[in-house]
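Chains, contacts and geometry: an overview
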Amino acid sequence: MYIVLKLMKIQLKMGEVVTSTLSLSVVLKPVFSQLECHDKNVSETLLTIFCNLEQHHPGFCYNLLSEIIEKADLKININEVVLRLQECRTDIDINEHYLLCSEEPFQDLNRKSAALKAILSRIPDEITDRKTFLETIKEIASAIKKLLDVVNEIGVFVPTLSGKQSIEQRKKEFVKYSKKFSTTLKEYFKEGHSNAVFISALCLIRQTNQLMITVKSICE
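A few points on the structure. (Residues numbered from 1 in each chain as written. Predicted model: local features only at pLDDT ≥ 70, side-chain atom pairs only at ≥ 80, totals over all residues. Heavy atoms only, no water.)

With that settled, consider the environment of valine 151. Turning to its location among the elements, valine 151 is positioned in helix H9 (residues 130–154). A sequence separation of 16 residues divides valine 151 from isoleucine 167, and the C-alpha atoms of the two residues are 8.4 Å apart. Once residues lying within four places of it in the same chain are set aside, the contact partners of valine 151 are Leu109, Ile167, Lys171 and Leu211. (Helix = DSSP H or I, 4+ residues; strand = E, 2+ residues; numbered from the N terminus. Contact = heavy atoms within 4.5 Å.)

Given below as structure tokens:
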């Protein structure tokens, strides 16, 4: 109980909170899912507890993983690990961020969002090779444009003005974080801080997820 209270009180930076939210999806939720074959009730209870903790105390999962890594004396960058794992699409990711609408623009948005996250997940492997990384940056820019183009196509399928406005607002947030990612890349080539790039990429992935959740809640 003391450790839980300690983890709840630690204040995190915005980027670390984003990593925490994503680590719940790609690290902890899959673990709880595997527990279902042994005890479904325990698995569901743990998932509910951790979701509530992360919701009411943002950063809890990040602090927990940091504590485990420190106790195990592992040399691991959590941001890098969580970014790498974004390529692995779990059942949880599909349920939360996958659109079931049969119209082609919605299915195309599924493909475009998955493609963007997959490219971003390659950053840790390619960032040290300047030539390769520059090509990856071009791919990211292209993937962002394609995703935004599809979001614009979806507008005709949104029946209400409030729904259109909600999606438009979420799109603006996505664009804002896309610009922040671009700025972070420029700073990286000047200062060489790769961790800042990892965090910025994770922020962009979270905005992608949020965009999908918004479209899903309005159109399904």
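With 25 residues, H9 ought to run about 36 Å at 1.5 Å a step, and its terminal C-alpha atoms sit 36 Å apart, in line with that. Residues Phe133, Thr136, Ile137, Ile140, Ala143, Ile144, Leu147, Leu148, Val150, Val151 and Ile154 constitute the buried set of H9. Looking at the buried side of H9, the elements it contacts are helix H7 (104–121), helix H8 (123–126), helix H10 (161–191) and helix H11 (194–219). (Expected span 1.5 Å × (residues − 1). Buried < 20%, exposed > 50% of the residue type's maximum accessible area, 1.4 Å probe, protein only.)

Below, the discussion takes up the state of the cysteines. As enumerated under the stated definition, the model contains 0 disulfides in all. Left without a disulfide partner, cysteine 219 is nearest to the cysteine sulfur of cysteine 101, which lies 5.7 Å away. (Disulfide = S-S within 2.5 Å.)

Moving on, we come to the packing of H10 against H11. Angle between the axes and distance between the axes are the two parameters that describe a pair of packed helices. Contact geometry of H10 with H11 gives a least axis separation of 9 Å together with a crossing angle of 170 degrees. In this view, H10 runs roughly antiparallel relative to H11, as classed from their interaxial angle. For the contact of H10 with H11, the class distribution of residues is 15 nonpolar, 10 polar and 4 charged. (Axes fitted to C-alpha atoms, helices over the stretch in contact; angles between N-to-C directions. Parallel < 35°, antiparallel > 145°, perpendicular 65-115°, else oblique. Nonpolar A, V, L, I, M, F, W, Y, C, P; charged D, E, K, R; others polar.)

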